[in-house]
Amino acid sequence: MSAAQRPLTAMIDPVTGPPDCTAYERGGGWQATRKALGTLSPADVTDIVTRSKLRGRGGAGFGTGQKWSFVPKEPASERRKYLIANADEMEPGTFKDRWLMEGNPLQLVEGMILAAYAVQAGHGIIFLRGEYHLACQRLEHAIGQARQLGWLGPNILGSAFSFDIHVHSSAGRYICGEETALLTTLEGRRATPRSKPPFPQTGGLWGAPSVVNNVETLCNLPPIIANGAEWFAALGLGDDGGTKIYGASGRVARPGAWELPMGTPLRQIIEEHAGGMRPGYRLRALLPGGASTAFLDASALDVAMDYASVEKAGSRLGTGMAIVLDDQTCPIGMIRNLEHFFAQESCGWCTPCRDGLPWVERLLDAIEEGTGTQEDMDQLGRHARMLGAPGRTFCAHAPGAMAPLASGLKLFADDFADHIAQCRCPQRHAA
Amino acid sequence: MTSIRIDGRDCPTRTGINLLQACLEAGENLPYFCWHPELGAVGACRQCAIRQFSGPDDKAGRIVMACMTPVSDNALISIDDAEARDFRAGVIEWLMVNHPHDCPVCEEGGECHLQDMTVMSGHNLRRYRFTKRTHRNQDLGPFVKHEMNRCIACYRCVRFYRDYAGGDDLAAFASHDHVYFGRAEDGVLQNAFSGNLAEICPTGVFTDKPFSATYSRKWDMRGAPSVCVHCAVGCNTIVNAREETLRRVLNRYHADINRYVLCDRGRFGHGFVNAPTRIRTPLCLMAGQQVALPLTEALEHFTRMAAQGTVGGIASPRAALESCFSLRALVGEARFSTGQTQLEQDCVQLAHTLLAKHPGALPTLHDMESADAVLVLGEDVCATAPRLGLSLRQSVRQASFHDADAARVPRWMDGAVRTLGAQSPSGLFVITPAPTDLDTVAAQSVRAVPDDIARLGFAIAHLIDPAAPAVADLTEADAALAQRVATALMAAQAPLVVSGMQYGAPALMQAAASIAAALARRVPRPGLSLIVPECNSMGLAMLGGVSLEAMLEMARAGELTTLVIVENDITRRLPPSDVAELVALVPNIVVIDHTATPLCRQADLVLPATTFSECSGTLVNLEGRAQRFFQVVFPAAPIQESWRWVQALARSMESGAEHNATSPADLPHTAWHLTDWQDLDDVLADLALAFPALAGAASAAPGADYRMNGQKLRSQTYRASGRTVIRSHISVHDRPPPASPDTPFSSSMEGAYGPDMPAPLVPGYQVPSWNSVQALNRFQQEIGGRLRGGAAGVRLFPPSDDGEARAYPYSTDIPPPFTPAADHTVLVLPQPCLFGSEELSMLSPPVAARAAPPMLRAAPRMAAFDRAILHLDDRPHSLPVSPLAGLPEGVVLCPTHRVMRAFRFPVRARLEGPHGTGEPS
Amino acid sequence: MSTAEETLPAALEAEIRALAAAEPYPRGASIAALKAVQRHFGWISTPHLRAVAELLGMSMDDLDGIATYFNLLFRKPVGRHVILLCDSVSCWIMGRDPLCAHLGRVLAIRQGETTADNAITLLPTVCIGHCDHAPAMLVDDTLHGDVDIPALDRLIPGLKEQP
Ligand SMILES: Cc1cc2nc3c(=O)[nH]c(=O)nc-3n(C[C@H](O)[C@H](O)[C@H](O)COP(=O)(O)O)c2cc1C
Ligand code: SF4
Ligand code: FES
């Protein structure tokens, strides 16, 4: 695919490393900033983004332009507002934001400038997960250079707009990626999600209006502003515009991530880009968009990877990063691993999540270790039901945790039954 | 008003509350944990799940958390919905995953919210079959016990302790199902309201530690409504007793005063009642020794004393109105002292006068919570009126509430309001000599000496109303500060000025009143609150009497042969030389008190009185509210009420008079039928006649003849179990309940009880399905609002809302600026402490354990030595010194009553370094 | 621990002050400040926690509530090197359990423990975003992908010698 069709990753070159400001400009960078600050009003920028139909790439898929529209309109000079890049990327199986940040940090910086201009935020924060050391170095370097050249700081390009970015290196915990918990963390508190309202756009960080956008979402902005909403919308194969970073991990031949048109069929991602399964393994099922999406089995491979289609197939696009379960890995073991993750990463605020998930984990432990009972299956089903629906728990963490469990209970019913009947894990003992 | 439909039943309710509140107010049993009426909703426990339908055609509806959902007009909800019920039972089951099965040994048992909710949810089978996680407990000091395994992580404790009470040494630690609530390290909880954790915690994690030592189940104790005696705020309490010992003090809801919270001094100060310092028999001084003597002999002894000449009386601001009044009746107006020094009496009188003529509002504590600008002028309210300080702390949230209103976020949506209010400004200004607990939430806190604070206050009044006198020679900084405060107060809808008599400085109270009066020309009801020191200081101010100094003069003039001192240790008030002189001059000193004070040791006759738990009586708090406390313990004779002792003395005087052939009719008390009084209501009836201003005291609570459904009220829960067991080695028969002539209580399980009972008579909270303190919800007309049983107590000050502000003669008595003395003396300012300054609570072992050792505080330059010698009236005191930034030079702070017993108002004294005249012994 | 080790070096204290000053409220610097301490000492001891709390105007209980919440803040001493071995789903599929068992044998510790010579602490971690090279791990700040037993055997002796 040509570079023009890969606006997010066109400038990423693992050999030469991330482009500096000049190389970035040569590759088409800063055009959008010049255009926005020179010729567009903040409302124009929001309008273009709304028309581009860009949807948030952080997992929930909320319309980005629409999200911005709730922010009070005062100019940045009059009111403290924040634009925050969600670079917490802790969804198991997901490594797209790291790729973007390590590969071309300036594109994120520019995306943040554009978003901040649109909502008139003077303060930018990159909420970066603590383990991303290389990304941290490269972002700091890129920000420093951009600041030196006047892309960040007071009166950018001589305009009235001032904006700067600071990197917050986090200290772990998946829940920090949840946007309100992220804000709580930035305020130096325990990362518990907050109730909405107030939505971050009106009462976010330190009570000030704040926008939280995923890294990939933000990286889409420079090409959108530079090339226009229509160009972007046309990049997608279906209803959703633009490209998307898709990926695959597990026992595929070439695990990795690729920028592809939004709506690329799952089969193409797995079979072409990931090269199909490793020799000797068959695909059993997969989580299409990270750990908190429901399992799809091989029969769903023809689904187009856009928001609506994946949902119709019974799962969620999520982060678009698939995790593949092969035929020689125990599905119960995999679910147990996932639920261990979710139980451990619960913030401990609400009862069902805090005390329900560890119970689920223990039930799965028991089944996997051969001490499971039929009653345990009822308990798993009960938890999947009670924690799975939204509104039961304080935030979306527990429903996310139940997605692989609920789908797995159906899809792998026989495996569960075998574990209980044989009082052992058949797969582990076969190996 | 609006209406919602709960499971097909139309229930009138109100907007502005959440559905959980609406359901509870509608009498529904909907379980909850994390929501608390005073702390708002945060949606953590997920226990209050219900189903809500979007309209009549919506058959599916959705599960919502009732506490997080505002009432909307005609909302359709179902509590009974099978899935909602199932989910609620599920939540209990999750909470039980790690909860131990230790109810039988848990001190929360029988009044445990978790027990109630478990039963209510219907959950009864625990299917979790794996190992429970366990925690280590911490030693949190003398007040609160910690048992973390029982924790259900509702987050109430930290929300109360940190967000509400401003504590910072209790926190949530770790995450997921390892969350832990405690301190970073073992240690004493520092916040003044830590004891409330026992009531806030819905299970047995935090419990009352002193109570634990003499623990009894809720249902095996008698309860009585009471009033705290440890400061002038007058918080309402419930006292629990068993086997004629006082076991614990709980909060009793009063919508206008303490609401859901007591301070630790109030909750744990009751230990003096059971302390070894109690006097249990009459004592008389014989050859320098105090020996016990029988009642009749004691009274005969008094007859002889009275026959020797005139009898004077010294009352006490810590004694009930009835005791003070009876004494006044005994000795007559001329020889009746309030038991206060002249300065103290002048201050209390001034407070009374200023409040009574204040043209604006005299806010209740609850009103204070919604003051939008507050000036604290020279009073450490957190030490002198702790619960009031907590109300002032809440006032700083006003701006965030307004922000929430603007964002259309309900005020009870606690997390959201706190998020929105992160940058909302505080409207609280604190100007005091010493740091106070309110400093951290103040917009500004300033250190100055009382005279300079008064000057600032007058300057503020002048800025608000130019008709108020101007202050000459104000420093530039002070002028700017005055302007800032004046601007804030003038911009407020409900401004409030708080001062008091901690520094014995009338100018401070005058200045505060001037500001409030000046404000009255701009806003309808500016608030004024003046803090007086003791639980009945205000009542005594209304009763009147001469000062202690005047009594001393009388003694010097040889006009007193006998002094009857009621519940007053005057060694805390008069310098030792004065006490010694008084004792030497007056041949017969009679002390009626419950506790062996230093004064008792010098008394010729000591008569054992009841404590607040052993009698009934009336106290008038700092806002002029008369409140009744009721007897819960029936002490062994000859302990009796002070007023009954006084009555007994009157009778002996009568018999003595007959003997001496003088007419009993000439005795002062005969004017008031003192010897005819049968019960407390008789005393109050005469009090009302004698002091019309105090007439309201009689109706502070229903009289002893009150009956509900024709019955007395029971003071025990209906299922007392251990009543025969305890005495089974003696007899298995029930003992007849003790007679309780002064109360409408039956002191047993028999009698009427219910949520509609008169508010001043609620002996405890319990309704079917609700055995914990949460049963209170059912006793309120609206949750967080008034009690169903009406008001408790009667405010005695005439209401001043006659529309227009009364013309106010501003005080012109503006002190000159403070200048350090040239004669090497320093101004010693009293520093009252939450624990340590108040007389009775210091006799309670857990409170005494919390009192810090006395220490001086001085400006950093003066604190060059870490010890210094302070020459007070009695003797030199060698004390540690610690620096206090912001304190002017020439001033030291010294804890009241702890260095020299009588020290509590500013004095000038010599201070020298440790190498001065040598260490005093 | 000697008193010298209980106080923060002046440079670190200055760094924390600067972090706090850059925030609208000092507590916003909590995590950055604790991480600075950890970078310097390897972990956050109670005296250091108390010192940071003082600099940020927080109670130590408040700050410890945060320190104990986040898994990358260590409130217990760790070895000179910390191995964070991913235990999330892709790495698990690709065989992280046998690697963990191998490390356990070689180092004679379990996850969560530190070797007797204080050289290495082995901790499990959630997905570190290197799933295309699973199994993955972080050794101190360095990312390692496609880890296998021979790779571990090459790595460990060097780590043990390194200061
Ligand atoms: C438990 C949980 C974890 C999340 N983690 C992340 C994350 O690591 N990165 C991210 O961008 N969004 C994450 N999200 C989604 C964010 O809450 C938020 O929707 C997103 O950052 C918004 O950005 P977008 O509109 O650009 O997608 C998470 C959500 C939940 C419920
Ligand atoms: S504030 Fe005063 S009246 Fe209230 S509990 Fe405390 S000491 Fe008692
Ligand atoms: S699952 Fe291990 S790095 Fe992603």
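Conventions used here
- Residues numbered from 1 in each chain as written.
- Chains lettered and ligands numbered in written order.
- Predicted model: local features only at pLDDT ≥ 70, side-chain atom pairs only at ≥ 80, totals over all residues.
- Heavy atoms only, no water.
- Domains from an automatic or database assignment.
- Contact = heavy atoms within 4.5 Å.
- Buried area = accessible area lost by both parts, 1.4 Å probe.
- Salt bridge = Lys/Arg side-chain N within 4 Å of Asp/Glu carboxyl O.
- Helix = DSSP H or I, 4+ residues; strand = E, 2+ residues; numbered from the N terminus.
- Buried < 20%, exposed > 50% of the residue type's maximum accessible area, 1.4 Å probe, protein only.
- Pairing = 2+ DSSP bridges.
- pLDDT = per-residue confidence, 0-100.
- UniProt positions renumbered as here; feature names shortened; annotations may be inferred.
- Axes fitted to C-alpha atoms, helices over the stretch in contact; angles between N-to-C directions.
- Parallel < 35°, antiparallel > 145°, perpendicular 65-115°, else oblique.
- Left-handed = near helix turned anticlockwise from the far one by under 90°.
- Nonpolar A, V, L, I, M, F, W, Y, C, P; charged D, E, K, R; others polar.
- Near = heavy atom within 4 Å.
- Polar contact = N/O pair within 3.5 Å; in protein donor to acceptor, adjacent residues only side chain to side chain.
- Areas by Shrake-Rupley, 256 points an atom, 1.4 Å probe, with all protein chains shown as cover.

**Considering the domain arrangement of chain A**
Residue and element names in this part refer to chain A.
Phase 1 of the analysis: Split into domains, chain A comes out as domain 1 (3-235), domain 2 (243-326) and domain 3 (331-430).
Phase 2 of the analysis: On a C-alpha basis, the centroid separation for the pair domain 1 and domain 3 is 36 Å.
Phase 3 of the analysis: Across the contact, ten residues belong to domain 1 and nine residues belong to domain 3.
Phase 4 of the analysis: Between domain 1 and domain 3, a total of about 900 Å² is buried, with carbon and sulfur atoms accounting for 73% of that surface.
Phase 5 of the analysis: Linking domain 1 with domain 3 are one salt bridge, by the criterion used here.

**Re the pattern of salt bridges**
Phase 1 of the analysis: Following the criterion strictly, the structure yields 81 salt bridges over all chains and no others.
Phase 2 of the analysis: We note a salt bridge from Lys96(A) to Glu216(A), for which the minimum N-O separation is 2.8 Å. Residue Lys96(A) is found in helix H5 (residues 96-103), and its partner Glu216(A) is found in helix H9 (residues 215-219); the two are separated by 120 residues along the sequence. With respect to burial, Lys96(A) and Glu216(A) carry one shared label: buried.
Phase 3 of the analysis: Two residues, Glu83(B) and Arg51(B), come together in a salt bridge whose shortest N-O distance is 2.6 Å.

**Details of the pairing of strand S12 (residues 245-251) of chain B**
Residue and element names in this part refer to chain B.
Phase 1 of the analysis: In terms of burial, S12 is a largely internal element, six of the seven residues being buried.
Phase 2 of the analysis: As judged from the six bridges shared by strand S11 (residues 236-242) and S12, these two strands associate in the antiparallel manner. The residue of S12 that forms the bridge with Thr 237 is Asn 251.
Phase 3 of the analysis: With antiparallel pairing between neighbouring strands as the criterion, S11 and S12 make up a hairpin whose turn holds two residues, including Glu 243 at a positive phi of roughly 55°.

**Regarding the confidence of the model for chain C**
Phase 1 of the analysis: Looking at chain C as a whole, the pLDDT averages 94, with 98% of positions reaching at least 70.
Phase 2 of the analysis: Both confidence scores are given for the complex: pTM 0.96, ipTM 0.95.

**Remarks on the UniProt feature "binding site: [2Fe-2S] cluster" (unreviewed entry) in chain C**
Phase 1 of the analysis: UniProt records the feature "binding site: [2Fe-2S] cluster" (unreviewed entry) at Cys86(C), Cys91(C), Cys127(C) and Cys131(C), using the numbering of this structure. Over a stretch of 46 residues, the named residues converge on one spot in the fold, their C-alpha atoms separated by at most 9.4 Å.
Phase 2 of the analysis: Along the polypeptide, Cys86(C) turns up in strand S1 (residues 81-86).
Phase 3 of the analysis: Relative accessible area serves as the criterion here: at 1%, Cys86(C) is assigned to the buried category.
Phase 4 of the analysis: Every residue in contact with Cys86(C), bar those within four places of it in the chain, is listed here: Cys91(C), Arg96(C), Thr125(C), Val126(C), Cys127(C), Ile128(C), Ala136(C) and Met137(C).
Phase 5 of the analysis: Along the polypeptide, Cys131(C) turns up in the loop between strand S2 (120-125) and strand S3 (137-139).
Phase 6 of the analysis: Non-local contacts of Cys131(C), meaning those with residues more than four positions away in its chain, are made with Gly93(A), Thr94(A), Phe95(A), Ser249(A) and Ser90(C).

**A closer look at the packing of helix H2 (residues 31-39) of chain A against helix H6 (residues 105-119) of chain A**
Residue and element names in this part refer to chain A.
Phase 1 of the analysis: Close contact between H2 and H6 brings their axes to 9 Å; oriented N to C, the two are set at 15°. When the axis of H2 is compared with that of H6, the two are roughly parallel. In this structure, the crossing between H2 and H6 has a hand that is left-handed. Contacts between H2 and H6 involve Gln 31, Ala 32, Thr 33, Ala 36 and Leu 37 on the former and, on the latter, Glu 110, Ile 113, Leu 114 and Tyr 117.
Phase 2 of the analysis: When its residues are assigned to classes, the contact of H2 with H6 shows six nonpolar, two polar and one charged.

**Concerning the site of ligand 2**
Phase 1 of the analysis: Lining the immediate environment of ligand 2, one finds Cys228(B), His230(B), Cys231(B), Val233(B), Gly234(B), Cys235(B), Leu262(B), Cys263(B), Gly266(B), Pro386(B) and Arg387(B).
Phase 2 of the analysis: Here the residues of the shell around ligand 2 are counted per class, giving seven nonpolar, three polar and one charged.

**Comments concerning the interface of chain C and chain A**
Phase 1 of the analysis: Listed as interface residues are 35 residues of chain C and, on the opposing side, 51 residues of chain A.
Phase 2 of the analysis: Taken over both partners, the interface formed by chain C and chain A buries close to 3500 Å², and the fraction arising from carbon and sulfur atoms is 61%.
Phase 3 of the analysis: Across the chain C-chain A interface, the total number found is zero salt bridges.
Phase 4 of the analysis: Linking chain C to chain A there are 18 residue pairs in polar contact (both at pLDDT 80 or more).
Phase 5 of the analysis: Elements with a minimum of two residues in the side of chain C that touches chain A: helix H3 (30-41), helix H5 (60-67) and helix H6 (89-93) of chain C.
Phase 6 of the analysis: Of the residues in the side of chain C that touches chain A, the class split is 19 nonpolar, nine polar and seven charged.

**Observations regarding the sheet that holds strand S17 (residues 373-377) of chain B**
Residue and element names in this part refer to chain B.
Phase 1 of the analysis: Spatially, five strands are ordered S19-S18-S17-S20-S21 in an open sheet, and the strand pairing comes out parallel. The open sheet is flanked by strand S19 (444-447) and strand S21 (527-531), the only strands paired with a single partner. For this sheet the average axis-to-axis angle between neighbouring strands, irrespective of direction, equals 10°.
Phase 2 of the analysis: In terms of strand pairing, S17 meets strand S20 (residues 495-500) through four bridges, oriented parallel. Bridge assignment links Val 374 to a residue of S20, and that residue is Leu 496.
Phase 3 of the analysis: Docked against the sheet, helix H18 (residues 506-519) engages S17, S20 and S21, running at close to 165° with respect to S20.

**Side note on the packing of H3(C) against H5(C)**
Residues and elements named next belong to chain C.
Phase 1 of the analysis: Packing of H3 against H5 leaves a shortest axis separation of 11 Å and a crossing angle of 80°. One way to sum up the angle between H3 and H5 is to call them roughly perpendicular. Judged by residue contacts, Ser 30, Ile 31 and Leu 34 of H3 engage Leu 63, Ile 66 and Ala 67 from H5.
Phase 2 of the analysis: When the residues that make up the contact of H3 with H5 are grouped by side-chain class, the tally is five nonpolar, one polar and no charged.

**Some words on the site of ligand 1**
All names here are of chain A.
Phase 1 of the analysis: If you check the shell around ligand 1, you find 19 residues, and the closest are Gly 58, Lys 67, Asn 86, Asn 214 and Thr 217.
Phase 2 of the analysis: Within the backbone of Arg 57, an N or O atom sits 3.3 Å from an oxygen atom of ligand 1.
Phase 3 of the analysis: Its free accessible area being 610 Å², ligand 1 has 90% of it covered by the protein chains.
Phase 4 of the analysis: Per element, the largest residue contribution to the shell around ligand 1 is three residues, and it comes from strand S4 (residues 210-214).

**Thoughts on the sheet that holds strand S27 (residues 794-795) of chain B**
Strand pairing within a sheet occurs via backbone hydrogen bonds; the two strands may be parallel or antiparallel.
All names here are of chain B.
Phase 1 of the analysis: Pairing is antiparallel in the open sheet, where three strands are placed in the order S25-S26-S27. Here the strands that pair on one side only, and so sit at the sheet edges, are strand S25 (617-620) and S27.
Phase 2 of the analysis: Pairing of S25 with strand S26 (residues 625-629) involves four bridges; the strand directions are antiparallel. Note on S26: the bridge partner recorded for Gly 617 is Phe 629.

**Thoughts on unusual backbone geometry**
Phase 1 of the analysis: Going from Ala637(B) to Pro638(B), the amide bond is cis rather than trans, its omega being 5°.
Phase 2 of the analysis: That bond from Ala134(C) to Pro135(C) is cis: its omega, -5°, falls within 30 degrees of zero.
Phase 3 of the analysis: As for its position among the elements, Pro135(C) is in the loop between S2 and S3.
Phase 4 of the analysis: Although it is not a glycine, Ala153(B) sits at a positive phi angle of roughly 50°.
Phase 5 of the analysis: Looking at the secondary structure, you find Ala153(B) in the loop between strand S6 (144-146) and helix H4 (156-164).
Phase 6 of the analysis: Unusually for a residue other than glycine, Asp140(C) sits at a positive phi of about 50°.
Phase 7 of the analysis: As for its placement among the helices and strands, Asp140(C) is situated in the loop between S3 and strand S4 (142-144).
Phase 8 of the analysis: Of the residues examined, Asp140(C) reaches a relative accessible area of 28% and is grouped as partly exposed.

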